[in-house]
Amino acid sequence: MKSKKLLAVISVLVLFLIVSFFTEKNEEKKEDVPTVGVLQFVSHPALDEIYRGIKDGLKESGYEDGKNLKIAFQNGQADQSKLATMSQQLIDKKSDVLIGIATPAAQALANSTSDIPIVLGAITDPVSAGLVETNEKPGRNITGVSDKSPVDAQFDLALELLPDAKSVGILYSSAEENSKYQAAEAEKAAKALGLTAKSYVVPSSNEIAQTVQVMSGEVDFIYIPTDNTIANAMQTVVNEANKSKTPIIPSVDTMVEEGGLATVGINQYELGVQTGKMAADILAGKSDPATTPIYTFETGDVIINEAQAKKLGLTIPENVVEDAKLVGTE
Ligand code: TRP
């Protein structure tokens, strides 16, 4: 009887040892795999494309999620008050490199750590967002990709398509540093072309529909910077603007696909790929954020929504169509 009990105790002990041996092994293995922590401000088609590009950029550089890399992902769902806690969570997961998609996310990461390298995923202007000292020499634990829009080219295109336009309304959210910068650039570009420019700043997404209604009665077309709040509500903007046939010139391809008229825009997926590659270089010890310049894209593609042009009763000049990527073709 006694020996049976002893045997049972011993078997349990052996089993315990075996199980703990294997789990330990597993944990050891996990620690060998580097972790990239990604914080995305909100889901909208452009930022989702950027995240897709990031994963592919990392993969192209030899880091594949689930194989030799672990990606920890958080999405702020447009709630800026969540971003600080989410940044901390990514740091607690022992991220080796952090990636911030959109300015509010990058700012939250930057406020949470000054040691872990941070890669900026498509930040309009890293300097005015307080993220780097200069684009050439960031100086801290931060480098990455800027998606600064070719604003002058966008306004030139707008006037080619809308030669009679006299006024433009610039629509953006007061909560986004990135948009303040680009709206100022847009006002300059508009005025240089002889347009009257007026900014329409919404405090939150709740005011977008009504603001677009007001704009439709006051301006000849609507210009939208790379504003996350507006991008997240693009359908609402398009629905309201269509009621009065007011054309929209946004800053990116994805917003043209959703019903903007046209733009000269940087490919969102490519922005992500470049961001992923820069994160991979840091993981591999090949680059140091402090001395790695911010990557900027020189030009964008001309993108036109043909169905939208038709709806607005516009004919696109032949020479413009020739070089353009057409979307929304019926
Ligand atoms: N540039 C934006 C920022 O700094 C992020 C962004 C990238 C974006 N692509 C976009 C916003 C397209 C709106 C639409 O926050």
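What you see is a predicted model; the values in this text were computed from it and never measured.

This part covers the domain arrangement of the protein chain. The domains assigned to the protein chain are domain 1 (34-147 + 268-296) and domain 2 (151-265 + 300-327). The distance between the C-alpha centroids of domain 1 and domain 2 comes to 28 Å. Residue-level contacts link 20 residues of domain 1 with 14 residues of domain 2. In this assembly, domain 1 packs against domain 2 so that about 1,200 Å² is buried in total across both faces, 57% of it on carbon and sulfur atoms. Considering only the surface of domain 1 that becomes buried against domain 2, His44, Thr124 and Gln268 emerge as the three largest contributors, covering 35% of it. Counting across the interface, domain 1 meets domain 2 through three residue pairs in polar contact (both at pLDDT 80 or more). For the side of domain 1 that touches domain 2, the secondary-structure elements that each account for two or more residues are helix H2 (45-60) and helix H4 (103-112).

Our next topic: unusual backbone geometry. The phi torsion of most residues other than glycine is negative, and most of the peptide bonds are trans. Although it is not a glycine, Ala78 sits at a positive phi angle of roughly 70 degrees. Relative to the helices and strands, Ala78 resides in the loop between strand E2 (70-75) and helix H3 (83-92). Residue classification places Ala78 among the partly exposed residues on the basis of a relative accessible area of 37%. The backbone of Ala122 shows a phi angle near 65 degrees, a positive value even though the residue is not glycine. With respect to the secondary-structure elements, Ala122 resides in strand E4 (residues 118-123). For Ala122, a relative accessible area of 7% corresponds to the buried category.

Within the fold, Glu240 resides in helix H9 (residues 234-243). The exposure class assigned to Glu240 is buried, which follows from its relative accessible area of 11%. A distance of 3.3 Å separates polar atoms of two side chains, one belonging to Glu240 and the other to Gln213. Beyond its immediate stretch of four places on either side in the chain, Glu240 contacts Ala209, Val212, Gln213 and Ser216.

Looking now at the pairing of strand E12 (residues 301-305). Two elements, strand E10 (residues 262-265) and E12, share four bridges in a ladder whose sense is antiparallel. The partner of Gly265 across the bridge, within E12, is Asp301. As paired strands, E12 and strand E13 (residues 325-327) are joined by three bridges and run parallel to one another. When the sheet's bridge partners are listed, Ile304 is paired in E13 with Leu326.

Moving on, we get to the sheet that holds E12. Strands sit in the order E10-E12-E13 across an open sheet of three strands; the sheet is mixed. In the strand order of this sheet, the two ends are held by E10 and E13, each with one partner. Sheet twist, expressed as the average angle between the axes of neighbouring strands with direction ignored, equals 25 degrees. Along the sheet, helix H5 (residues 151-161) makes contact with E10 and E12, crossing E10 at roughly 155 degrees.

As a further point, take the site of the ligand. The immediate surroundings of the ligand are formed by 18 residues, with Thr103, Thr124, Asp147, Asn228 and Gln268 found nearest. In the model, an oxygen atom of the ligand is placed 3.2 Å from a nitrogen or oxygen of the Asn178 side chain. Taking 360 Å² as the accessible area of the ligand by itself, protein coverage stands at 100%. If you map the ligand onto the pockets, it falls in the largest cavity.

So, on to H3. An α-helical turn contains 3.6 residues, so any two residues separated by three or four positions project in the same direction. Looking only at H3, the buried set comprises Leu83, Met86, Ser87, Leu90 and Ile91. All buried residues of H3 lie within an arc of 145 degrees about the axis, which places them on one face of the element. Within two residues after H3, Lys94 carries a phi angle of roughly 60 degrees, on the positive side.

Conventions we followed
Residues numbered from 1 in each chain as written. Predicted model: local features only at pLDDT ≥ 70, side-chain atom pairs only at ≥ 80, totals over all residues. Heavy atoms only, no water. Domains from an automatic or database assignment. Contact = heavy atoms within 4.5 Å. Buried area = accessible area lost by both parts, 1.4 Å probe. Polar contact = N/O pair within 3.5 Å; in protein donor to acceptor, adjacent residues only side chain to side chain. Helix = DSSP H or I, 4+ residues; strand = E, 2+ residues; numbered from the N terminus. Buried < 20%, exposed > 50% of the residue type's maximum accessible area, 1.4 Å probe, protein only. Pairing = 2+ DSSP bridges. Axes fitted to C-alpha atoms, helices over the stretch in contact; angles between N-to-C directions. Near = heavy atom within 4 Å. Areas by Shrake-Rupley, 256 points an atom, 1.4 Å probe, with all protein chains shown as cover. 1 Å grid on protein atoms, 1.4 Å probe; cavity = no way out; pocket = protein on both sides within 12 Å on 5 of 7 lines; lining within 4 Å. Sits in = over half its atoms within 2 Å of the grid points. Arc of directions from axis to C-beta.

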